[in-house]
Amino acid sequence: METNIATPASLAGRVAVITGAARGQGRSHAIALAERGADVVLVDAVQPIDNVEYAMAQSSDLSDAAALVEATGRRARIIEADVRDESFNEKLGAAVAELGRLDIVVANAGVCGPSRPFWEISRDEWNTVLDVNLTGVWQTIKFSIPHLIAAGNGGSIIATSSIAGLTGVPNLAHYTASKHGLVGLIRVVANEVAEYGIRANTVHPTSVPTPMIDNPQMTRMFRPDLEDPSLEDGIDVLKRVNLLPVPWVESSDISAAVCWLASDDSRYVTGAAIPVDAGMLAKYSG
């Protein structure tokens, strides 16, 4: 019997939690998982974060994302919580109890601190990025694991790292260190939860046009020769770092990888670091 490998695997009957779900990649992942049949718990801090120069998502963004999930016919639940806050645990437990189970964890919440040489990064700036991007992911998984084990159906943990988690990105030492840390964390998680049939992997995007890079802090890094550059002004610069002739990939491209890792199509993939990077990591720069 022939199998149509182009048909995405169904996630019907499963429940996913996604952090950083109000906009950008997280919102895209929520919609994509729902389109494949999953109910979704959408988590976001929806408040300013110290030492982050660009605007954070608002409550209305999170509500809009939940409405888009519900438009697919799936259930959506909202949690307004910072992944660094231990109160997230109780809120997650209540949402899982309401939806009945937990199968998929997408630890996507992350921030990028100011761009500057590592010796000019302040201790507070360093701590903020590491606390959100690494400790926040650890805590998200820590709080989720009992629910995954209790469901007894295996499960999939997917952490959003970055191509900066596999190579060194100048002037972003805090971000790069946090994303490298995720690789080690998830490899340990994969070893410790395998006996329960739970898998854990990281996804590593190249540039994605979300608020994290489409803001003055980052566009000035791409085009320091311009006073007020737009993201479009950086297209040629961003194209040069990728092997394929594109400046960035879309959130939907990352969502495709997330959905694959969430599904049974990747049932024997665990402890892996999956680049979705237009060949950035492989590009010869000699």
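Owing to the predicted nature of the structure, the values given are computational and were not obtained by experimental measurement.

What counts and how
- Residues numbered from 1 in each chain as written.
- Predicted model: local features only at pLDDT ≥ 70, side-chain atom pairs only at ≥ 80, totals over all residues.
- Heavy atoms only, no water.
- Helix = DSSP H or I, 4+ residues; strand = E, 2+ residues; numbered from the N terminus.
- Rg over C-alpha atoms; globule rule 2.2 N^0.38 Å.
- Buried < 20%, exposed > 50% of the residue type's maximum accessible area, 1.4 Å probe, protein only.
- Contact = heavy atoms within 4.5 Å.
- Areas by Shrake-Rupley, 256 points an atom, 1.4 Å probe, with all protein chains shown as cover.
- Lys, Arg positive; Asp, Glu negative; His and termini not counted.
- Charge placed at Lys NZ, Arg CZ, Asp CG, Glu CD.
- Domains from an automatic or database assignment.
- Buried area = accessible area lost by both parts, 1.4 Å probe.
- Salt bridge = Lys/Arg side-chain N within 4 Å of Asp/Glu carboxyl O.
- Expected span 1.5 Å × (residues − 1).
- Pairing = 2+ DSSP bridges.
- Axes fitted to C-alpha atoms, helices over the stretch in contact; angles between N-to-C directions.
- Right-handed = clockwise from strand over helix to strand, strands pointing away.
- Phe/Tyr/Trp six-rings, centres within 6.5 Å; stacked < 30°, edge-to-face > 60°.

Peer 1: Got a minute to help me understand the overall build of the chain in this structure?
Peer 2: Regarding its fold elements, the chain presents 8 helices and 7 strands. Here the C-alpha atoms of the chain give a radius of gyration of 18 Å, agreeing with the 19 Å that 2.2 N^0.38 yields for 286 residues. Viewed in the frame of its principal axes, the chain has a C-alpha envelope of about 55 × 50 × 35 Å. When burial is assessed residue by residue, the chain has 50% of its 286 residues classed as buried. The long-range fraction of contacts in the chain, counting pairs at least 24 apart against all pairs at least 6 apart in sequence, stands at 73%. Of the roughly 13100 Å² that the chain leaves accessible, carbon and sulfur atoms contribute 51%. Charge centroids of the chain, computed over 22 positive and 34 negative side chains, lie 5 Å from each other.

Peer 1: Can you walk me through the domain arrangement of the chain in this structure?
Peer 2: It is common to give the size of an interface as the accessible area lost on bringing the parts into contact. According to the domain assignment, the chain contains domain 1 (15-208 + 250-276) and domain 2 (214-247). When each unit is reduced to the centre of its C-alpha atoms, the spacing between domain 1 and domain 2 is 25 Å. Contacts between the two partners involve 9 residues from domain 1, matched on the other side by 7 residues from domain 2. Around 630 Å² of area is buried between domain 1 and domain 2 when both sides are counted, 53% of it from carbon and sulfur atoms. The interface formed by domain 1 and domain 2 holds 0 salt bridges in total.

Peer 1: Can you walk me through helix α5 (residues 173-193) in this structure?
Peer 2: An α-helix turns once every 3.6 residues. As a result, residues three or four positions apart point the same way. Taking 1.5 Å per residue, 21 residues should reach 30 Å; α5 reaches 30 Å between its end C-alpha atoms and fits that length. Restricting attention to buried positions, one finds in α5 the residues H174, Y175, T176, S178, K179, L182, V183, L185, I186, V189, A190 and V193. Residues of α5 that are buried in the fold lie against α4 (123-151), β5 (155-160) and β6 (198-205).

Peer 1: Sorry if this is basic, but what is going on with the sheet that holds strand β2 (residues 39-44) here?
Peer 2: Strand pairing in a sheet relies on backbone hydrogen bonds. The paired strands run either parallel or antiparallel. Pairing in this open sheet of 7 strands is parallel, and the strands run β3-β2-β1-β4-β5-β6-β7 from one edge to the other. The two strands at the open ends of the sheet, each matched to only one other strand, are β3 (76-80) and β7 (273-276). Neighbour to neighbour, the strand axes of the sheet diverge by 15° on average, direction disregarded. Relative to β7, β6 runs parallel, the two being bridged by 4 bridges. The partner of P205 across the bridge, within β7, is V276. Packing against the sheet, helix α3 (residues 87-99) makes contact with β1 (15-19), β2 and β3, and its axis sits at approximately 170° to β3. The strands that α5 touches are β5 and β6; relative to β6, the one it contacts most, it runs at about 165°.

Peer 1: Can you walk me through the environment of I104 in this structure?
Peer 2: With respect to the helices, strands and loops of the structure, I104 is situated in strand β4 (residues 104-107). When residues no more than four places from it in sequence are discounted, the contact partners of I104 are L11, R14, V15, A16, V17, L148, S156, I158 and A262.

Peer 1: What should I look at first to understand the pairing of β5 in this one?
Peer 2: Both faces of the sheet carry side chains from a regular strand, because those side chains alternate between them. Most of β5 sits inside the fold, with 6 of its 6 residues counted as buried. Covered by surrounding structure in β5 are G155, I157 and A159 together with S156, I158 and T160, the residues of both alternating faces. Across 4 bridges, β4 lies against β5 in parallel orientation. Across the sheet, residue V105 finds its bridge partner in β5, namely I157. Handedness of the crossover is the feature at issue here: the chain leaves β4, passes through α4, returns alongside β5, and the resulting connection is right-handed.

Peer 1: Honestly, the packing of aromatic side chains in this entry has me stumped. Any pointers?
Peer 2: The description of an aromatic ring pair rests on the distance of the ring centres and on the angle between the ring planes. Within the structure shown, the criterion is met by 2 aromatic pairs. Look at F88 and F143: their rings are 6.2 Å apart centre to centre, the planes differ by 70°, and that puts the pair in the edge-to-face class. In this pair, F88 sits in helix α3 while F143 sits in helix α4, placing the two residues 55 residues apart along the sequence. Each member of the pair F88 and F143 is classed as buried.

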